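Residue strings, one per chain:
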Protein chains: 2
Amino acid sequence: MKKGVTILGATGSVGRNALAVIDSLRDHFSIVGLTACRNAPLLRELIERYHPRYAALADEEQADALRSACPGHTRVLGGLEGVISVAAASEAQIVLSAIVGAAGLQPVLAAIKKGRTIALANKEPLVMAGGIITGLAQNVGATLLPVDSEHSAIFQCLCGNREQKIHKIVLTASGGPFYNTSTEALANVTPEQALAHPTWSMGAKISVDSATLMNKGLEVIEAHWLFGVDVESIEVVIHPTSVVHSMVEFLDGSIIAQLGRNDMKLPIQFALTYPDRMECPVERLDITEVSPLEFFPPKLDKFPCLALAYEAAKVGGTMPAVLNAANEVAVDEFLQRRLHFQEIPTIIERVMRDHQPVADPRLGDILAADEWARESAMESQRSHT
Amino acid sequence: MKKGVTILGATGSVGRNALAVIDSLRDHFSIVGLTACRNAPLLRELIERYHPRYAALADEEQADALRSACPGHTRVLGGLEGVISVAAASEAQIVLSAIVGAAGLQPVLAAIKKGRTIALANKEPLVMAGGIITGLAQNVGATLLPVDSEHSAIFQCLCGNREQKIHKIVLTASGGPFYNTSTEALANVTPEQALAHPTWSMGAKISVDSATLMNKGLEVIEAHWLFGVDVESIEVVIHPTSVVHSMVEFLDGSIIAQLGRNDMKLPIQFALTYPDRMECPVERLDITEVSPLEFFPPKLDKFPCLALAYEAAKVGGTMPAVLNAANEVAVDEFLQRRLHFQEIPTIIERVMRDHQPVADPRLGDILAADEWARESAMESQRSHT
């Protein structure tokens, strides 16, 4: 029997890689639903290729046009409500969430509520509402499987081991394109330079996050929620070539690491086939060809975003949602050339300083904090320039 | 309840490390039996310290003296028969075999027959009689746990994964003390130089085997039997600092590696506490301090022992036992300064060439092949000099 898969964010980088994985394993998986934010032409193409039962476009206007253009088999929905409906569709055993940013939160919650297995490529919902997501998953018995390469690595290192025996998680970071750039030169960094990631080919938002090291900060918070480990026991290590995707050190001092090619098809496929493994159409890694493997402590003062993420995690409550929202705004402003690269952490820090965190937040508190932080970041940006 | 542990070869390097582990976990383990080959003074000391129920000394004459010197609580046996009796003693849940060389074969078989969990630090029995040992263990439901650091690494990498999904095992090798020595200089290598292993502190026989790379060859055969993987799918990679103890590449291209300090207490403790992990009195590894990690393909023509081991494994039957016996004799002759370092593989190759292998051998065939190979190696050595 084929497993039904719904892909949220099917037109993005992870979504398209997931479709490539499913193309190569079409005897094992079928597409139930596909959603996208606003790339209507590509979503239409995918509907024609995969004939999913459901599709949704977050952009309502384009959704109407898509609906009339698409054949009868696929039910095309629109808006956030439409995306949530597709996420909850009962025909899928696995929901892969590859939505970018906070927009993934409510669709992911909808899929968890229905008890689906969630393959989570979208780290922001966990950063914002990790307690709510993991608590709900536990209550309904839904499985959360990481797709981020680092978290897939940690998950693979933990297979067969007991989580309470973890001494430390070591998250590797390439350091991004500017790790060896001088602090002075950082001031003039362009979006094009920030998007040229040295080891991974990814979407725009995550590429900028990698350049500021905020991506690693978000990953620290994500790992905290996925694996139940305090952020103090999650260490970031710079590993320029990203061959070792992450490591777990156990109580006895033994370290288990996962290594592989830097291709998102690997962790995506592992989340789909878990607990099984299948052949993957990715070139194999020859360890003698990627030698030597180098590891350095991170330069925290040059990349303040990482320290801000640790701080938000330690404060807890609504603070990580505020960190995330302010970062989304700042990154967008940087990509629109309205903010310098080094001002990204300045904006985030200012918004965090002004925030009164709510402890043990409900979803409403988190969404309110998210909205407040976005406005506050925009304001801070305007008053600053 | 404390688990009872018997240590075969308690006075050697692995045996003493095992006792140190048990000292630090004395609420969890107690000593049931201790055996040694000929180090009567140390065995006597250990009997006085641990009060085991059983002890045995392979050297019969010294055993008689030890028996009269030792207090009433410990039953002291002598000879191979005595060691076998202690190995089979029913009070132990775990039998750690740290005997050096082929001498471990019959005690290990005796412990397996009784359904004990065997922590196997002694690779030669598996090389000689892997089919018999693993077949017997399967029949009686005895568990074999590896203690060799490389095989413990592979075992840890496989935890939670399915063995039939292995694409390749990558055994790391430090390369030994002579990896960068010129072929000309190898001719004049002394036993003292061969015993100075760059990354591990070990006994004499295994240190010489590491210098010739025969140790890695024996490990390839050991891994074949322990993990049911063809030797063609077991690759050796030179990794000078031995930080990565070994790796497993799975069907999907994902590689899991185990890393740690080069201290035998780690894999010994893991075999004792498995499937649990406990704190270990070994300094933790900081990956940034051991950076960079280098990996190279092995120089097969400079170290012919590795190729000989692959060849013996491919021929199968009694050939690996012959390889092992000829190697034991040649290493001993080298340590006695009666053979040059580079003549070790020459002797082994000659004995292998003269051997008529028996397919699907019984224990008698293996013991006969072992005896024949030892005589043949001695003869070859005498006629050669």
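Residues numbered from 1 in each chain as written. Chains lettered and ligands numbered in written order. Predicted model: local features only at pLDDT ≥ 70, side-chain atom pairs only at ≥ 80, totals over all residues. Heavy atoms only, no water.

Per an unreviewed UniProt entry, the recorded name for chain A is 1-deoxy-D-xylulose 5-phosphate reductoisomerase, and the organism is Candidatus Abyssobacteria bacterium SURF_17. Here is the UniProt Catalytic activity (unreviewed entry) comment for chain A, exactly as written: "2-C-methyl-D-erythritol 4-phosphate + NADP(+) = 1-deoxy-D-xylulose 5-phosphate + NADPH + H(+)". Quoted verbatim from the Sequence similarities (unreviewed entry) field of UniProt, the annotation for chain A is "Belongs to the DXR family." (UniProt positions renumbered as here; feature names shortened; annotations may be inferred.)

(A) Broad picture of helix α14 (residues 319–335) of chain B. Residues and elements named next belong to chain B. For α14, which comprises 17 residues, the first-to-last C-alpha distance of 24 Å matches the rise-based estimate of 24 Å (1.5 Å per residue) to within 8%. Most of α14 sits inside the fold, with 15 of its 17 residues counted as buried. Directly beyond the C-terminal end of α14, a positive phi value near 60 degrees is found at R337. (Helix = DSSP H or I, 4+ residues; strand = E, 2+ residues; numbered from the N terminus. Expected span 1.5 Å × (residues − 1). Buried < 20%, exposed > 50% of the residue type's maximum accessible area, 1.4 Å probe, protein only.)

(B) Quick look at the packing of aromatic side chains. Taken as a whole, this structure holds 12 aromatic pairs over all chains when the rule is applied. Each ring, one from F155 of chain A and one from Y274 of chain A, has its centre 5.0 Å from the other, and the planes form 65 degrees; the classification is edge-to-face. One end of the pair, F155 of chain A, is in helix α7 (residues 149–158); the other, Y274 of chain A, is in the loop between α12 (265–273) and α13 (304–315), and 119 residues separate them in sequence. Relative accessible area serves as the criterion here: at 16%, F155 of chain A is assigned to the buried category. Geometrically, the ring pair formed by F334 of chain B and F341 of chain B is edge-to-face, given 5.7 Å between the ring centres and 65 degrees between the ring planes. Here F334 of chain B falls in the buried class, since its relative accessible area comes to 1%. Here F341 of chain B falls in the buried class, since its relative accessible area comes to 4%. Through pairs of rings, three or more aromatic residues link up here, namely F155, F270 and Y274 of chain A. One residue, R277 of chain A, lies across the ring of F250 of chain B, its end atom 4.4 Å from the ring centre. (Phe/Tyr/Trp six-rings, centres within 6.5 Å; stacked < 30°, edge-to-face > 60°. Lys NZ or Arg CZ within 6 Å of the ring centre and 35° of its normal.)

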